[in-house]
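Chain by chain, the residues run as shown.
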Amino acid sequence: MPCPSRPSDLVFFVNGRKVIERNADPEVTLLTFLRKNLRLTGTKYACGTGGCGACTVMVSEHDPISKKIRHVSVTACLVPICSLYGAAVTTVEGVGSIKTRLHPVQERIAKSHGTQCGFCTPGMVMSMYTLLRNHPQPSEEQLMEALGGNLCRCTGYRPILESGKTFCAESNGCQQNRTGKCCLDQGENGSSSPGRKNVLCTELFSKEEFQPLDPTQDLIFPPELLRMAENPEKPTLTFYGERVTWISPGTLKELLELKVRHPEAPVVLGSTSLGPAMKSQGHFYPILLSAARISELRMVTKTSDGLTIGAGCSLAQVKDILVERISELPEEKTQTYRALVRHLQSLAGQQIRNLASLGGHVISRHCYSDLNPILAVGNVTLNLISEDGARRTPLDEHFLAGLASADPKPQEILESVYIPHSQKWEFVSAFRQAQCQQNALPDVTASMRVLFREGTDTVEDLSIAYGGVGAAPIIARKSCQQLLGRRWNELMLDEACRLLLEEVRLMGSAPGGRVEFKRTLVVSFFFKFYLEVLQELKKLAKLCSDSRHHPEIADRFLSALQDFPVTVPQGVQMYQSVDSQQPLQDPVGRPIMHLSGLKHATGEAEFCDDIPMVDKELFMALVTSTRAHAKIISIDLSEALELPEVVDVITADDIPGTNGAEDDKLLAVDKVLCVGQIICAVVAETDVQATRAAGKIKITYEDLEPMVFTIEDAIKHNSFLCPEKKLEQGNVEKAFEKVDQIVEGEVHVGGQEHFYMETQRVLVIPKAEDKELDIHVSTQDPAHVQKTVSSTLNIPLNRITCHVKRVGGGFGGKVVRPAAFGAIAAVGAVKTGRPVRLVLDREDDMLITGGRHPLFGKYKVGFMNNGRIKALDVECYVNGGCTLDDSELVTEFLILKLENAYKIRNLRFRGRACMTNLPSNTAFRGFGFPQGTLVTEACITAVAAKCGLLPEQIREKNMYKTVDKTIYKQAFSPEALIRCWAECLDKSCFHSRRIQVDEFNKQNYWRKKGLAVIPMKFSVGFAATTFHQAAALVHVYTDGSVLVTHGGNELGQGIHTKMLQVASRELKIPMSYMHLCETNTATVPNTIATAASIGADVNGRAVQNACQVLLKRLEPIIKKNPDGSWKDWIGAAFEKRISLSATGYFRGYKAFMDWDKGEGDPFPYYVYGASCSEVEIDCLTGAHRKIRTDIVMDACCSLNPAIDIGQIEGSFIQGMGLYTTEELHYSPEGILLSRSPNEYKIPTVTDVPEVFNVSLLPSSQTPLTIYSSKGLGESGMFLGSSVFFAIADAVAAARRERDMAEDFTVTSPATPERVRMACADRFTEMIPRDDPKTFKPWSIPVA
Ligand SMILES: Cc1cc2nc3c(=O)[nH]c(=O)nc-3n(C[C@H](O)[C@H](O)[C@H](O)COP(=O)(O)OP(=O)(O)OC[C@H]3O[C@@H](n4cnc5c(N)ncnc54)[C@H](O)[C@@H]3O)c2cc1C
Ligand code: FES
Ligand code: FES
């Protein structure tokens, strides 16, 4: 420890107010400080690893070099408060508020419908706000860059971008025909003009009402900070935490002295590498030396032969510096700089690039590093400095491998990096492939440099480096040596590939998996480089009039060279306007903004963990099993209990009532069934203490057999959670005998993590009297939480009140699981007599809660040569995990929905839920439909391939055409289905684009396009009458204001907004008279989970009922005074002692299913839709771009088109994630390996289709539902599969060209790995393959 002196005062500003922290703790992040110390809860916690952007704030600093103020967006969860000395922080609260003044960014994101649950919104606002501080009129590219690091799980990003585009210099709306006029506009102007019958609208908000951006209104940089920055005296600052000391010297000299005194202490710059390593990888350093205030580390020197960039420059600054230098120098000198810029565009999100430093990046030497391979081939030199002086060392393979001889000495720091110019006849390129294009850690990075003997194609020097293929970046020195003197031709290419594969060896068991893919990339990237250089050589040869012959590259091979563009999505959202006769006050059918939209945007919307700390509150941390199937031998709590501030440890013995179900315990007893099963829970005074103590609990286990993880193993062990579900019609066996052809195939669909932005949270407050408990919980089903707490504590339901103000995303993941967390926290609260807060961190949430069921499907289909399917036999298995949860229901729904849109006379569907030793899977948007129907559609594709027809022709031929009965004998009319299909084909110009796609594919060998249209028949509802009921409570107060409560929960889907629209229509008063406070089991009891797409539907009917009751009571009063106002009537009613409070009830739809007979009427109605997607794949890397998607959806008479289109777009993008990028990895021991946004990739802003059109089918009616509207919460999810089938179409085109079988096993998600390996070619053939029996893989497929 350094000689303890008086701790320095940490001085910084937050939202214009000075903060002086006398005891700043280096382990405290800005996010914690804002939320806990300053009670600024607008900034959200969602991952804690810098990967989601929910915690984005703006940091402004005086730049000592440029003498200007720099505003940057950063992720507060990675910023140690101690690094903020002299900085000004702006949070969403500092930008604007409803109480004072909204900032245009806040206003526009809300009014453009860019918020649903609103949990990501403050982060989005801050990213956009920072962009506007730097560029008041940004380009669309800058907007995309600014939002690249912000995840949203609800909206599908389109409306967020739409709001951002209103600030951009050029914003032309739909760009499809580049005329500025939308190609889908119909009629004369096609714009919204509420009040015209059957007019199609394309405007969901009105730009005219937006207030202009006025930068003069922004907070200024505090003059005091300016004075501090300009003060030449820079004393060393020291902050002492409980365990860690932070020393921040003001000069380089002092830093070097400190490094001599504390050689083991790391230098911290951005802390994006060090911080996470200390937080979650167990690295611990008692002293940290901050280099943040050392201006020498930010110096940039341009010389005639290169560029020296200070190690302290952020990666964002490095990019700007390089871009500037590129514009100043001839192209030949900037090869390395261009390669660096290419990767700096896609490395992490903007917030991380603002924080991370060049020095930190270089020294971290992450195996996946994007930049180090480029720096290594670029002959870069590191300038190291210590008290003993400066020295230069190459950034070479020794340095990258971390050899002691090449490592900086303990007293040295990296001062700067010298990057030389490239020269004529020298070419440098960089490549990377990640799960998705932007904001994703790469699987493999590569950089290559070649220097030719002047005027020749003879290799004089060659350097190739890879990242992601070993513990550190690798330089393929030996291969390069052997290729010196070779000519740049096909022979050299073959030899190079052989050598590289020999030198860059990757074990079958390598961490990160994807081994064969990575091997293929090693050579595929080199091939790309080969082609690129060949092109350049040809250009140079032409210039030099060189007659030397270079190998010809046919045009069709050149597409391998282009990068996929990152473009701002364009598109049109079309809906039918309300009837012209509808009164203006009546909001039903209008695109009303989400009720909480503005509060989301200002951070004023309160989520569960934003509730201020209550008196004597404790924090709970969970202890989970590290074994998949084991006997618990002992649990040693002693060390945990000894830690300061630890109050208790809750085990199963503390449960006064029932410990869950016999086979699904809340807290494990005697044995565990999966990794992540909850065993006990620590309660402590703070979250930090609780988490530390949880880590000290020692549990010993004895493994039990069998350990079953995969569906294959479960079938082998006959391990199932429930009996088989089966539906059958016609005579399948007989039909198979009469068909022209039979195809059999398999489909695997991976699971999906809900990744709601708000992790599971609960706050239990025990009351002093009568065992009452108040529970604030993030759930879709408060009544279930209430019931579980009741049985766990053995107290009646009437003592427990569950409150749900709003939920930061649920998607099914908050139907069942929150009850367990609520109950465990309640046990803690009752035992200690104190309030208990439980907030799961992202890692635990992903580990414990399970997700969508992975599925394995086998099909056998019999059909005629014309494509008519005569018989289909499908057998599906889902991986249910270790307990039943919703697995039986999911299996039932899967089987009921498998037929999708097709009438096949002879059908057999069977489904089973496998019991495995994985965390239990649960409800997830679509509930089995998105997985199961992929099997049906894959089957269609297989039939098409055999018949030589388009899949769309097979779909059309086999689709329901007239009023008919489903496999379970429920009658329905497919009219709207057929209309959706026809409109989708028409709107997407499918037939002409099909020709264009085929033409493109003929002309391009390494790039292929694919096109697919998918129809959908989605059944809505719970398939059980009991679940189809809802209640509401409407109070009218004497001032005329109305309080509406109902049984639905606000998950972001806008249910509360819709309910007020209903109440407004019924009571005939404006929505502004109404308020909706929260969902609460004391006001509306015995509620049903908000799920199955019918929340707004059934609760809407209950609200309608309550309002009608009230209106009926008011009728005599109104009759008496027809010209009176609402207030007059309410006043009179009160005088007359008429009750102004009414409950409403909806006695739901009848629904039943008799599984023995295979018959029923399980669903109240269907939602129909169709989606057409076009993609382009890169056959060499497996990457794809989404060119265009057109969705037509039958919403009938939408209650709120903005909300409904939001649901369609959001679920489509979530579905697209399921089918393309979201991949869960489990170790062979059953441990979930993907537990953060860095390892599990949900779609980002750059994944939205470049053209994204959504239309609601006009003139459709359903008499059953509230105002003939349909529930759209889930259905869009499956339409995401149009992207999957478009990718499959593109892969099939590649395989056809390579004379390979078109029918390959369909595996979802269609990741770059799967696409690349399916597009087999000479490079996939040359890689070594391992015998699976000879190694233990890093991860195992569980579907
Ligand atoms: C969410 C996220 C996404 C990411 N995505 C990518 C990606 O796609 N591609 C990629 O390549 N990287 C990625 N990274 C890694 C990122 O590039 C590095 O974390 C970052 O560059 C490290 O810089 P830093 O300033 O934060 O280093 P710090 O964390 O401050 O320090 C890192 C290490 O360098 C040492 N150090 C720092 N400066 C000096 C110095 N001047 N002299 C001596 N030692 C020094 C420290 O002591 C420490 O050991 C990602 C990181 C995050 C958090
Ligand atoms: S919470 Fe900080 S980036 Fe996710
Ligand atoms: S609105 Fe973006 S995560 Fe919910």
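See the structure above.
A few points on the structure. In this text, all values refer to a predicted model and were calculated from it rather than measured experimentally.

Opposite charge on two side chains permits them to pair, given that their charged atoms come into close proximity. One pass over the full model with this rule turns up 91 salt bridges. Taking the shortest distance from any N to any O, the salt bridge between Lys302 and Glu328 comes out at 3.1 Å. Separated by 26 residues along the polypeptide, Lys302 in strand E11 (residues 300-302) and Glu328 in helix H10 (residues 315-328) bring together distant segments of the chain. We classify Glu328 as partly exposed; its relative accessible area is 38%. In this structure, Asp713 engages Lys716 in a salt bridge whose closest nitrogen and oxygen atoms are separated by 3.7 Å. With Asp713 and Lys716 both in helix H23 (residues 711-716) and 3 residues apart, this pair spans about one turn of that helix. Within the structure, one salt-bridge network assembled from shared partners comprises Arg35, Lys44, Asp609, Asp610, Glu617 and Arg837.

Next up on the list: the packing of aromatic side chains. All told, the structure shown has 32 aromatic pairs when counted by the stated rule. Centroid distance Phe893 to Phe927: 5.1 Å. Interplanar angle 75°. Geometry classified as edge-to-face. Taken together, the residues Phe893 in helix H28 (residues 887-897) and Phe927 in the loop between strand E35 (906-914) and helix H29 (929-947) connect sequence positions 34 residues apart. A single burial state applies to Phe893 and to Phe927, both of which are buried. By the ring-pair criterion, three or more aromatic residues cluster together here, those being Phe427, Phe452, Trp488, Phe526, Phe527, Phe529, Tyr530, Phe557, Tyr1005, Trp1006 and Phe1323. Here the guanidinium or amino end of Arg842 rests over the ring plane of Phe755, the centre of that ring lying 4.2 Å away.

Time to look at the sheet that holds strand E13 (residues 381-386). Strand order in the open sheet formed by 5 strands is E11-E12-E15-E13-E14, and the pairing between neighbours is antiparallel. Each of the sheet's edge strands pairs with one partner strand only, and the pair in question is E11 and strand E14 (389-394). Going from strand to strand, the sheet's axes swing by 20° on average, the running direction of each strand aside. Two elements, E11 and strand E12 (residues 306-310), share 3 bridges in a ladder whose sense is antiparallel. Residue pairing in the sheet places Val300 in a bridge with Ile309 of E12. Its contacts with the sheet place helix H11 (residues 335-344) against E12 and strand E15 (413-420), and it is angled at close to 120° to E15.

Procedures and definitions
- Residues numbered from 1 in each chain as written.
- Chains lettered and ligands numbered in written order.
- Predicted model: local features only at pLDDT ≥ 70, side-chain atom pairs only at ≥ 80, totals over all residues.
- Heavy atoms only, no water.
- Salt bridge = Lys/Arg side-chain N within 4 Å of Asp/Glu carboxyl O.
- Helix = DSSP H or I, 4+ residues; strand = E, 2+ residues; numbered from the N terminus.
- Buried < 20%, exposed > 50% of the residue type's maximum accessible area, 1.4 Å probe, protein only.
- Phe/Tyr/Trp six-rings, centres within 6.5 Å; stacked < 30°, edge-to-face > 60°.
- Lys NZ or Arg CZ within 6 Å of the ring centre and 35° of its normal.
- Pairing = 2+ DSSP bridges.
- Axes fitted to C-alpha atoms, helices over the stretch in contact; angles between N-to-C directions.
- Contact = heavy atoms within 4.5 Å.

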